[in-house]
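Structural description and commentary
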Protein chains: 2
Amino acid sequence: MRFNTRLLVITALLAAAPAAADEGMWLPSQAPEIAAQMKKSGLKLDPAALSNLSTAPMNAIVSLGGCSAAFLSPQGLVASNHHCVYGSIQYNSKPGQDYLKDGFLAATLADELPAAPGSRIFVIEELKDVTAQMLEGISATMTGRQRYDRIEANQKTLVQACEKQPSRRCDVRAYYGGSTYFLQQMLEIQDVRLVYAPAGAIGNFGGEVDNWQWPRHTGDFGFYRAYVAPDGSSRPFDKANVPYKPKSWLKVSAKGLTEGDFVLLAGFPGTTERHRTAAEAKAFFSDLYPLQQRLLAEYSNQIKSATAGDDAAAIKYANALRGADNIKKKLEGQLAGAEAIGLLARKAAAEKSFRDWALNPARAAELKPVIDALDAIAAESADARLVAARYGLLNRGQLLSAARTIYRWSQEQAKPDAEREPGFQERDRRLVTERLTQIERRFDPRVDRKLFEAALAEYRTLAPASRNTAFDRQLEKTGLDRLYADTRLGDTQWRLSLLAKTPAELASDADPFLRLAVAMFETDMAREAESKERDGRLQAARSAYMGAFRRFAAAEGRAVYPDANGSLRLTYGHVKGRARDGASWTAFTTARGIVDKYTGAEPFDSPARQLDLIRKGDFGRYAHTGLKTLPVNYLSTLDITNGNSGSSTLNARGEFVGLAFDGTIDGIIADWWYDPSINRTIHVDVRYMLWVMDRVDGANRLLGEMEIVGRK
Amino acid sequence: MRFNTRLLVITALLAAAPAAADEGMWLPSQAPEIAAQMKKSGLKLDPAALSNLSTAPMNAIVSLGGCSAAFLSPQGLVASNHHCVYGSIQYNSKPGQDYLKDGFLAATLADELPAAPGSRIFVIEELKDVTAQMLEGISATMTGRQRYDRIEANQKTLVQACEKQPSRRCDVRAYYGGSTYFLQQMLEIQDVRLVYAPAGAIGNFGGEVDNWQWPRHTGDFGFYRAYVAPDGSSRPFDKANVPYKPKSWLKVSAKGLTEGDFVLLAGFPGTTERHRTAAEAKAFFSDLYPLQQRLLAEYSNQIKSATAGDDAAAIKYANALRGADNIKKKLEGQLAGAEAIGLLARKAAAEKSFRDWALNPARAAELKPVIDALDAIAAESADARLVAARYGLLNRGQLLSAARTIYRWSQEQAKPDAEREPGFQERDRRLVTERLTQIERRFDPRVDRKLFEAALAEYRTLAPASRNTAFDRQLEKTGLDRLYADTRLGDTQWRLSLLAKTPAELASDADPFLRLAVAMFETDMAREAESKERDGRLQAARSAYMGAFRRFAAAEGRAVYPDANGSLRLTYGHVKGRARDGASWTAFTTARGIVDKYTGAEPFDSPARQLDLIRKGDFGRYAHTGLKTLPVNYLSTLDITNGNSGSSTLNARGEFVGLAFDGTIDGIIADWWYDPSINRTIHVDVRYMLWVMDRVDGANRLLGEMEIVGRK
């Protein structure tokens, strides 16, 4: 991959421009700042309503942790993507009962199935500025580690106080490089059930071939339901639990959208890197991403070859494979996209205009040290990331990963809860337990060993100083044969029982994976300490830098949205096709495209009933008024990223009009740079969802509990 | 692959329709039949001119044998596709002088390089109906073999008479299943030189990734020159040879085309199957194509793995690999295309309307036996094709293939020339010699052995009765190690010298490949005899069937064009994009798309100079007037297939406006069924060619000898 200076001319123009129309992952509290733009773009709701998380439509928005979703009925019915509920479909499938292939529809409430362990529905309740509390006690003279620890302690105090409320899950996240912090409070629904997912040939139509592509024809939707105790409190699965009654739910527009329509989306975008420096961008695109891309490509091939001809193993690793392929394709897209848009040149030009401002004689004395500090610590972090990418592969051995979690857990248990490492506190017990449980459905010793061996080979390419000598020595002593022959960690009961052990008890256990984990521990802790010191300094440097940047933007009169960090964001835009060289994308695909792509074999299979209905043109009330046929997917300019999958798309009146589920491969460079001529989000059209539910799958029970408006 | 009954409704409508507008690979002599349609479509030339092969523009059209081409200058300059001159670029390349990568431009006439051995330019002179002569002496009571031999004898007589003229190459081909025969007479230019080919990053931009795809940005053009003796006679390469002066050459339109424009194309389409019966279509798509597809996919992987890490070997097998990949992709496209358009249902419906007519009581007594006879013999042929596909793999061992050719040659030499098998007559000596010579550039013993071993494994899956027992026994006796260690066939001098040997001399030679070839001979001859008997009966059956079909078409008032068979054909159509679901294809791609696709690595690399010019928008007089940028490729509705590659595309006035070079993957089912809503030909735009020649490569010498019209 080379980084050329193409598009410098265009970039010079872009660099000075404000955020492009339709760009931005805004905090709900920023709604007033962008109210005028949203109204002008077509929003019919009061923009102020979007700042209020305790009223509709915002209080219908939920997170699944990694995916977004929303309530679509007063009975706690939650719509998200097929690929977001995929793990739960897989968890309930087995040879002879293949819901991944055949789909699943619960005939009654009683038939709704427990989702995969660890599945949660988080109902967003509050997003509160806690910057002052988070930075309490911070001083400029602190070491990185002191700063890190203090911020962590402040964060724990805030989270703990918040989570004293029953069944609340709270987190505090950094915005603008840690110059601002918000506390996000969510009700945690622990009893999540799988209600409905169409056949894989609908929900995953096109599979990996169509992933990140347009034209697209994927019915990427599925339904969960939130359950609570009869008294309304949140508790784990219990037969006596009843559907949760949300405060609000989205009305479902049967009318759908047409090209040019305003759309709004609220969800939980995971990570963007738009505020990284040009030098950081170079480090990611020259070194880190190419490395990660290769590692994932190899991992994907390893899984395929290790599970070939073994259906049970293939089902167990389907989720891991899918995940690896998805990220790999994303990385490839980012690498190509950076090249295509001339990212580094754009970054450099945009950064120059800020730094020119900052280094103006009036401000240079104050801001030059700020810039220099970030540049120095960012370079250090870049090197550490490259090592971590290889070192982290060791956790591909699922039992080693489990053993490390268990041993760390025991170490942290020895401390008071408030002093424990985040992720190992009492509040994390259930999640840890469920992750350790889930192994039973996703682990095959023969496959695990092959993947672990491959990971080891890569790990061994690290420089000696970056390896874990104690681990090396212990592994050599044990040997892979004994490691897998003698371990009992494959036994779920025993694995879980270890969470109650002390470090000493674990250290004296003969289990070879535990012994490996114990051996690794000391070095791992030293690495973690280095990393925290660096992160502390990074927080200081980046928060100062972003503070300066926001002053610069304010001087230019434009709002700045923070990089995505998994917290609730708003974005608005329009239904819009896209011009390309030699082709143009129309805003909608239609049922005809399913027949055109159909081959009878994965990934272009299609249920016979659906094909038959399409051939007959039996679209009834679900046809697009203008197109006079059934719309399947559509494109919009919405600015989203991973984590937004499953986000309900809302029309100008805040009604449900579909689900966001993907972007296009050449647009995923948007994580670094949004370009309105390139970036498009792909949605399932509400009319396709309703048609499949009504005509293909007969999901009338669910249609009956929705509030469908605008029916023909 | 399943064959469903989709689109039956549409098919019922189509079945009765005449040939679609823009459909048809017409014999030049049919121009009067379609004159009105062509005029209506926009032709400005006198349609009658297109029947006359001795005047412009038809006498500027040439064949390269497998590709089409045309004269573009009075100095014998011939334009064709980059992929058509690829073998000659490869032949002249070696490590350190990589014309495949860097391109080649002869600075002067003296720098023009001999094309790959066997390269020919065939100047079309005449296409004459010889049906009466070909069927002379044929009677209904003959056996298949008698009929086959008689037709072959008649053919030889005709060809021999024609080739008595100096330097003429003549062939007689069957049309409409052998109910008509035409003799095609061509001047054979034996001294062909490589003049110019742009860099691989232009000529093969997009590589296999973009092959059969749109949007496309491939500069798929290259130039040969025809050379003859100073007295104008054709002779092999000689330093004293001079450029051939063609009777006419195409004017080059610098204005190019715009969407909707009429286009005309004359070239040599290889094979289509549009007149096959529905049962034959089923046999191809259920059995033969899936088998061939698998065999080619395996072959491609075998070549890649055998040449990995060995640059010299990779160059030697580049042509074979490219060929295999291209055909494999074509087969995949045909299989998917048949499924997508519901080919079998369309065939069945179309056939039904003909057969209903034929089996009308007034005609049934006469035509039912005709139909039954074809159905029976076609079924027999289908079985034989499946065996031949596997048996034929043995020739992937290049030295075995050479040994078989040599031994057969010696056997045929024992007969009078007129009785020899076609391909082994005196007139074939040069071609055979050149093929045997070419091995030296395309053979690597280590690679050959791997490919041969793989071919053997597949051959051994044949039922015992379909194998060659003598071959098996001989191979077992020799063993592969000795086969490759002891052979001298890798020595070109020795290999060629064997053409002078008698069968007895060859049979007593110890060379292990020769011994294998000798062992195979008897069984091979028996198989050939069976095949000729079958083919004789097939000719009788199919010519009768097609005769009936043409009566049917005439009764419906429509012209019937024969299936493609490698002879000169005309087709006309329009520059036209294509609507698809979720996207539409515009008729042109532009230079911008090259930059969009550019990654800096194959297949999306691009010469720095070209990128630089595109970024500057330096298109000068070559910009498309409407698009205001440089057009690169365009789409048309022209009805072409393999063999048409390199065909000059002509505008309504018969001027050169580009080169056809590809179709799209979902359109290649056109070999079986042309659908104007699907089928598109992809062309290099003349303006892109001229721009690359002028601005990127500085090929002013060549531009200077062309007759460029319509310059801005």
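In the block above lies the structure referred to throughout.
Residues numbered from 1 in each chain as written. Chains lettered and ligands numbered in written order. Predicted model: local features only at pLDDT ≥ 70, side-chain atom pairs only at ≥ 80, totals over all residues. Heavy atoms only, no water.

1. Quick notes on the packing of aromatic side chains
Remark: the centre distance and the inter-plane angle together describe each pair of aromatic rings, the angle taken between the planes. Throughout the structure, instances matching the rule amount to 58 aromatic pairs over all chains. Ring plane angle 70 degrees and centroid distance 5.0 Å describe the contact between Phe-285 of chain B and Trp-672 of chain B, whose orientation is recorded as edge-to-face. Remark: Trp-672 of chain B occurs in the loop between β20 (656-663) and β21 (681-685) and Phe-285 of chain B occurs in helix α9 (residues 278-307); sequence separation between them is 387 residues. Take Phe-285 of chain B and Trp-672 of chain B: they sit in the same class, and that class is buried. Through a chain of ring-to-ring contacts, three or more aromatic side chains come together here, namely Phe-354, Trp-357, Tyr-545, Phe-549 and Phe-552 of chain A. (Phe/Tyr/Trp six-rings, centres within 6.5 Å; stacked < 30°, edge-to-face > 60°. Helix = DSSP H or I, 4+ residues; strand = E, 2+ residues; numbered from the N terminus. Buried < 20%, exposed > 50% of the residue type's maximum accessible area, 1.4 Å probe, protein only.)

2. Things to note about the pairing of strand β8 (residues 180-189) of chain B
Residue and element names in this part refer to chain B. By the criterion of burial, β8 is predominantly enclosed, with 10 of the 10 residues buried. The alternating pattern of β8 places Thr-180, Phe-182, Gln-184, Met-186 and Glu-188 and Tyr-181, Leu-183, Gln-185, Leu-187 and Ile-189 on opposite faces, both of which are buried. Here eight bridges tie strand β6 (residues 121-129) to β8, and the two strands are oriented antiparallel to one another. The residue of β8 that forms the bridge with Lys-128 is Leu-183. As paired strands, strand β7 (residues 168-175) and β8 are joined by eight bridges and run antiparallel to one another. Within β8, the residue paired with Arg-173 across the bridge is Phe-182. Remark: four residues form the turn of the hairpin made by β7 and β8, two consecutive strands paired antiparallel; Tyr-176 in that turn has positive phi of roughly 50 degrees. (Pairing = 2+ DSSP bridges.)

3. Structural notes on the interface of chain A and chain B
Every contact between the two is made by 28 residues of chain A and, on the other side, 29 residues of chain B. Where chain A touches chain B, the interface holds zero salt bridges. Secondary structure elements with two or more residues in the side of chain A that touches chain B: α10 (311-341), β15 (578-580), β16 (583-585), β17 (588-590) and α21 (591-597) of chain A. Among the elements that line the side of chain A that touches chain B, the one with the most residues is α21 of chain A, at four residues. Among the residues forming the side of chain A that touches chain B, the class breakdown is nine nonpolar, 10 polar and nine charged. In the sheet, β16 of chain A pairs with strand β16 (residues 583-585) of chain B via three bridges, with the strands oriented antiparallel. Across the sheet, Trp-585 of chain A pairs through a bridge with Ala-583 of chain B, a residue of β16 of chain B. (Contact = heavy atoms within 4.5 Å. Salt bridge = Lys/Arg side-chain N within 4 Å of Asp/Glu carboxyl O. Nonpolar A, V, L, I, M, F, W, Y, C, P; charged D, E, K, R; others polar.)

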